[in-house]
Amino acid sequence: MFRRGKVSEVGQHRAARIATVATCAIGVLIALAAEKQNVAFLASLGMSIAACANLPALLLTMYWRRMTASAVISGIVVGLTLSIAIILASPAIHGPDAPLGFSNPALVVAPIALIVSIVVALMTAPRGDRAKDATETFDDMRITALTGKPPVVRTPDSAQVS
């Protein structure tokens, strides 16, 4: 990402090690901070964050042919960011005098992430020939997903070959 794909194998391994150590360190810090919390409550928060970040992307990518990559990324970022922000402003963190009166963000954030995904998809939808190609690609992927068979190959003279 930072070097436009021009990274040596040693550099890739170094980046993977750094990312692994950083992820583990963040996990340990979160575990220490949540030491006194109920395990079931923490599990529900994890599921809620995952649902808010992933539901719009999964749902719209599978069932709406106009979904775009930018919309998927936008929905995930909004869902994840708002979920964490709501949890940080909830009674789970601040106690009874918290700015928000609820701890589980799913009811609020999932619809917002869904709406953001739809709006971004409509704003970044391909036009002209790119729209036709995108529709054909969606149809081919849907046929493969539903039947397990590869789609029929289209030829310029519109004769179909399997």
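Residues numbered from 1 in each chain as written. Predicted model: local features only at pLDDT ≥ 70, side-chain atom pairs only at ≥ 80, totals over all residues. Heavy atoms only, no water.

Novice: Describe in detail the side chain of Ser48, supporting the description with residues and values.
Specialist: Checked against the element boundaries, Ser48 lands in helix H2 (residues 39-63). Among the residues examined, Ser48 registers a relative accessible area of 5% and is labelled buried. Side chain to side chain, Ser48 and Asn104 meet in a polar contact 2.7 Å long. With residues up to four places along the chain from it excluded, the contact list for Ser48 reads Ser83, Asn104, Pro105 and Ala106. (Helix = DSSP H or I, 4+ residues; strand = E, 2+ residues; numbered from the N terminus. Buried < 20%, exposed > 50% of the residue type's maximum accessible area, 1.4 Å probe, protein only. Polar contact = N/O pair within 3.5 Å; in protein donor to acceptor, adjacent residues only side chain to side chain. Contact = heavy atoms within 4.5 Å.)

Novice: So, the nonpolar core: which residues are in play, and what are the values?
Specialist: Leu60, Met67, Ala71, Val120 and Ala121 together form the largest nonpolar core, which totals five residues. Setting aside chain neighbours within four positions, we find Leu60 in contact with Met67, Leu114, Ser117 and Ile118. (Core = buried A, V, L, I, M, F, W, Y, C linked by side-chain atoms within 4.5 Å.)

Novice: Kindly report on the environment of Ala69, identifying the contributing residues and their values.
Specialist: Along the polypeptide, Ala69 turns up in helix H3 (residues 69-88). Once the C-alpha coordinates of Ala69 and Lys132 are considered, the two residues, 63 residues apart in sequence, prove to be 16 Å apart.

Novice: Report on the environment of Gln37, specifying residues and quantitative values.
Specialist: Assignment of secondary structure puts Gln37 in the loop between helix H1 (9-33) and H2. Given a relative accessible area of 30%, Gln37 falls into the partly exposed group. Each C-alpha atom, one on Gln37 and one on Thr68, is 39 Å from the other, the two residues being 31 residues apart in sequence. With sequence-adjacent residues up to four places away left out, Gln37 is seen in contact with Leu42 and Ala92.

Novice: Report on the layout of surface pockets, specifying residues and quantitative values.
Specialist: In this structure, the largest pocket encloses a volume near 570 Å³. Every residue lining the largest pocket is counted, 22 residues in all, and those nearest its centre are Trp64, Arg65, Met67, Ala134 and Phe138. Element by element, the count of residues in the lining of the largest pocket is highest for helix H6 (residues 129-147), at ten residues. Classifying every residue of the lining of the largest pocket gives 13 nonpolar, five polar and four charged. The wall of the second largest pocket is formed by 16 residues, among which Ile30, Ala34, Ile87, Leu88 and Ile93 lie closest to the centre. Put simply, the parts of the chain that give the lining of the second largest pocket at least two residues each are H1, H2, H3 and helix H4 (91-94). Here the lining of the second largest pocket gets five residues from one element, more than from any other, and that element is H2. (1 Å grid on protein atoms, 1.4 Å probe; cavity = no way out; pocket = protein on both sides within 12 Å on 5 of 7 lines; lining within 4 Å. Points joined across faces, edges and corners; volume = space filled by probe spheres on them. Nonpolar A, V, L, I, M, F, W, Y, C, P; charged D, E, K, R; others polar.)

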